[in-house]
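So the chains spell out like this:
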Amino acid sequence: MIRFSLHCDRSHAFESWFRDNASFEALVAGAMVECPACGSPRVEKSIMSPHVARTDRSNVAASRPEEPVPAGQAHPKVMPTDALTNNINALAPDKAMRELVRAFRQHVARTADHVGDRFAEEALKMHHGEIEHRAISGSSTAEDTQILLEEGVPFHPLPILPDDRN
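A quick note: this is a predicted structure, and the numbers were derived from the prediction, not measured.

Colleague: Looking at this structure, I do not really get empty space enclosed by the protein. What am I missing?
Modeller: Here the idea is plain: a probe the size of a water molecule rolls over the atoms and shows the empty space left. All told, the structure shown has one cavity of 30 Å³ or more when counted by the stated rule. Here the largest cavity is characterised by a volume of approximately 30 Å³. For the largest cavity, the full set of lining residues is Glu34, Cys35, Pro36, Gly39, Ala103, Gln106 and Arg110. Residue classes in the lining of the largest cavity are distributed as three nonpolar, two polar and two charged.

Shown next as structure tokens:
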């Protein structure tokens, strides 16, 4: 997997993961990559700095002697600078996942018919052939969701990010 820094024709910057460069090129050519901010399919790679994995970390840790700790005191946990950098970099996949969830929710909002709290009713009608199938979005109670599950109605909950509620 490779992470690319991208931008759209409206200068919105974002990141996304791809299997390889060829996959990225094929998806962009097929207009399958969209800007999560505006939905533009005109996406290009941004200039990025390379990420090179270090192979000497275990040797560095093994070569450091343990400092003696005075009796009765706990060993102070001092985080080396490279560990801080790794912790900050570990947040990048979380940010990328949040952006994917946001892009997915925006796609559903643009393409599905929002039926509000009538979601379960509409989904059941489609499932039983009473109305034509179409993409719908909305909300349902726990009881209605249980009925949909028991009836075998295919549906997918849309994740809500904590910061979307603020």
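Colleague: Hey, could you run me through the sheet that holds strand S1 (residues 2-8) in this one?
Modeller: With antiparallel pairing, the three strands of this open sheet are ordered in space as S2-S1-S3. Of all the strands in the sheet, the pair left with one neighbour each is strand S2 (13-18) and strand S3 (43-45). Taking the axes of each pair of neighbouring strands and ignoring which way they run, one obtains an average angle of 45° across the sheet. Sheet topology places S1 next to S3; three bridges connect them, and they run antiparallel. Paired with cysteine 8 across the two strands is valine 43, which belongs to S3. Along the sheet, helix H1 (residues 21-29) contacts S1, S2 and S3; its crossing angle with S3, the most-contacted strand, is approximately 160°.

Colleague: Would you mind going over the packing of helix H4 (residues 119-127) against helix H5 (residues 142-151) with me for this structure?
Modeller: Relative orientation and spacing of two packed helices are given, respectively, by the angle between their axes and the distance between those axes. For the pair H4 and H5, the least separation of the axes is 9 Å and the interaxial angle reads 15°. Considering their axes alone, H4 and H5 lie roughly parallel with respect to each other. Regarding H4 and H5, the two cross each other, and that crossing is left-handed. Every residue of H5 that contacts H4 at Phe119, Ala120, Ala123, Leu124 and His127 is listed here: Asp144, Ile147, Leu148 and Glu151. Among the residues making up the contact of H4 with H5, the classes are represented as six nonpolar, one polar and two charged.

Colleague: Got a minute to help me understand the layout of surface pockets in this structure?
Modeller: If you add up the space inside the largest pocket, you get close to 760 Å³. Contributions of two or more residues to the lining of the largest pocket are made by helix H3 (81-111), H4 and strand S5 (136-138). At six residues, H3 tops the list of elements feeding residues into the lining of the largest pocket. Considered class by class, the residues forming the lining of the largest pocket number 15 nonpolar, eleven polar and two charged.

Colleague: Please clarify how the pattern of salt bridges should be interpreted in this entry.
Modeller: Under the defined criterion, the tally for this structure stands at eight salt bridges. Across the pair arginine 134 and aspartate 113 runs a salt bridge whose closest N-O atoms are separated by 3.0 Å. Linking arginine 134 in the loop between H4 and S5 with aspartate 113 in strand S4 (residues 113-116), this pair joins segments that are 21 residues apart in sequence. On the basis of relative accessible area, aspartate 113 is assigned to the partly exposed category, the value being 37%. Residues lysine 125 and glutamate 121 are paired through a salt bridge, measuring 3.4 Å at the closest nitrogen-oxygen approach. Within this pair, lysine 125 and its partner glutamate 121 are both found in helix H4, separated by four residues, close to a single helical turn. Its relative accessible area of 27% is what places lysine 125 among the partly exposed residues. Residue glutamate 121 is classed as partly exposed on the basis of its relative accessible area, which comes to 41%.

Conventions we followed
Residues numbered from 1 in each chain as written. Predicted model: local features only at pLDDT ≥ 70, side-chain atom pairs only at ≥ 80, totals over all residues. Heavy atoms only, no water. 1 Å grid on protein atoms, 1.4 Å probe; cavity = no way out; pocket = protein on both sides within 12 Å on 5 of 7 lines; lining within 4 Å. Points joined across faces, edges and corners; volume = space filled by probe spheres on them. Nonpolar A, V, L, I, M, F, W, Y, C, P; charged D, E, K, R; others polar. Pairing = 2+ DSSP bridges. Helix = DSSP H or I, 4+ residues; strand = E, 2+ residues; numbered from the N terminus. Axes fitted to C-alpha atoms, helices over the stretch in contact; angles between N-to-C directions. Contact = heavy atoms within 4.5 Å. Parallel < 35°, antiparallel > 145°, perpendicular 65-115°, else oblique. Left-handed = near helix turned anticlockwise from the far one by under 90°. Salt bridge = Lys/Arg side-chain N within 4 Å of Asp/Glu carboxyl O. Buried < 20%, exposed > 50% of the residue type's maximum accessible area, 1.4 Å probe, protein only.

Scope: geometric values only; no functional claims are made or implied.
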